[in-house]
Amino acid sequence: MVAHLLARRHILGVEGSDWMRLDRKALNRLLSLNDAQLAAVIDKLTRDYGIDLSSMNISTTDMAALRRTLQNTSDAELTELARRLRGDK
């Protein structure tokens, strides 16, 4: 099930070359996933992009805290994160 979700990028509202369009709508789609699905997506993204969540004091074992963090992320922070994930300087 999780592999199927990860393969279907449209779950984040992104298609094709616009894969890292990370905005409020995409974030809300992530938040609509159940805990196991959200943890799997976050784990995959962090592995794919070499992000160490522990260095940011974030853990997928505390899903309530992770969801709060995602919910409280500002649009400016989302824009910056997407920029970094794309490799923009």
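Anything mentioned here points back to the structure above.
Residues numbered from 1 in each chain as written. Predicted model: local features only at pLDDT ≥ 70, side-chain atom pairs only at ≥ 80, totals over all residues. Heavy atoms only, no water.

J.: So what exactly am I meant to see when it comes to the nonpolar core here?
T.: Among soluble globular proteins, nonpolar side chains are generally buried collectively. Among the nonpolar cores identified, the biggest contains 17 residues, and Leu27, Leu30, Leu38 and Leu70 are the most heavily contacted of them. If you list the elements that add at least two residues to this core, you get α2 (24-31), α3 (35-49), α4 (63-71) and α5 (75-86). Sort the elements by how many residues they give to this core and α3 lands first, with five residues. (Core = buried A, V, L, I, M, F, W, Y, C linked by side-chain atoms within 4.5 Å. Buried < 20%, exposed > 50% of the residue type's maximum accessible area, 1.4 Å probe, protein only. Helix = DSSP H or I, 4+ residues; strand = E, 2+ residues; numbered from the N terminus.)

J.: I would appreciate a short explanation of the side chain of Thr73 in the present structure.
T.: Of note, Thr73 is situated in the loop between α4 and α5. Excluding residues within four positions of it along the chain, Thr73 makes contact with Arg24, Leu27 and Leu78. (Contact = heavy atoms within 4.5 Å.)

J.: Could you clarify how one ought to interpret the side chain of Arg67 in this entry?
T.: Along the chain, Arg67 turns up in helix α4. Polar contacts involving the side chain of Arg67 include one to the main-chain carbonyl oxygen of Leu33, which spans 2.5 Å. Excluding its chain neighbours within four sequence positions, the residues that come into contact with Arg67 are Leu31, Leu33, Asn34, Asp35 and Leu38. (Polar contact = N/O pair within 3.5 Å; in protein donor to acceptor, adjacent residues only side chain to side chain.)

J.: Can you help me understand the pattern of salt bridges in this one?
T.: Side-chain pairs of opposite charge can arise whenever the charged atoms involved come near each other. Tallied over the full model, the rule gives three salt bridges. We note a salt bridge from Asp75 to Arg24, for which the minimum N-O separation is 3.0 Å. With Asp75 in helix α5 and Arg24 in helix α2, this residue pair connects regions lying 51 residues apart in the sequence. Judged by relative accessible area, which is 48%, Asp75 ranks as partly exposed. A relative accessible area of 28% places Arg24 in the partly exposed class. Arg67 is paired through a salt bridge with Asp35; the nearest N and O atoms lie 2.9 Å apart. Within this pair, whereas Arg67 is found in helix α4, its partner Asp35 is found in helix α3, the two being separated by 32 residues in sequence. (Salt bridge = Lys/Arg side-chain N within 4 Å of Asp/Glu carboxyl O.)

J.: Would you mind going over the packing of α3 against α4 with me for this structure?
T.: The description of two packed helices rests on the angle between their axes and on the distance between the axes. Relative to each other, α3 and α4 sit at 65°, their axes nearing to 11 Å. Taken together, the axes of α3 and α4 lie roughly perpendicular to each other. Relative to α4, α3 is oriented so that their crossing is left-handed. Where α3 abuts α4, its residues Asp35, Leu38, Ala39 and Ile42 lie against Met63, Leu66, Arg67 and Leu70. Counted by class, the contact of α3 with α4 contains six nonpolar, no polar and two charged residues. (Axes fitted to C-alpha atoms, helices over the stretch in contact; angles between N-to-C directions. Parallel < 35°, antiparallel > 145°, perpendicular 65-115°, else oblique. Left-handed = near helix turned anticlockwise from the far one by under 90°. Nonpolar A, V, L, I, M, F, W, Y, C, P; charged D, E, K, R; others polar.)

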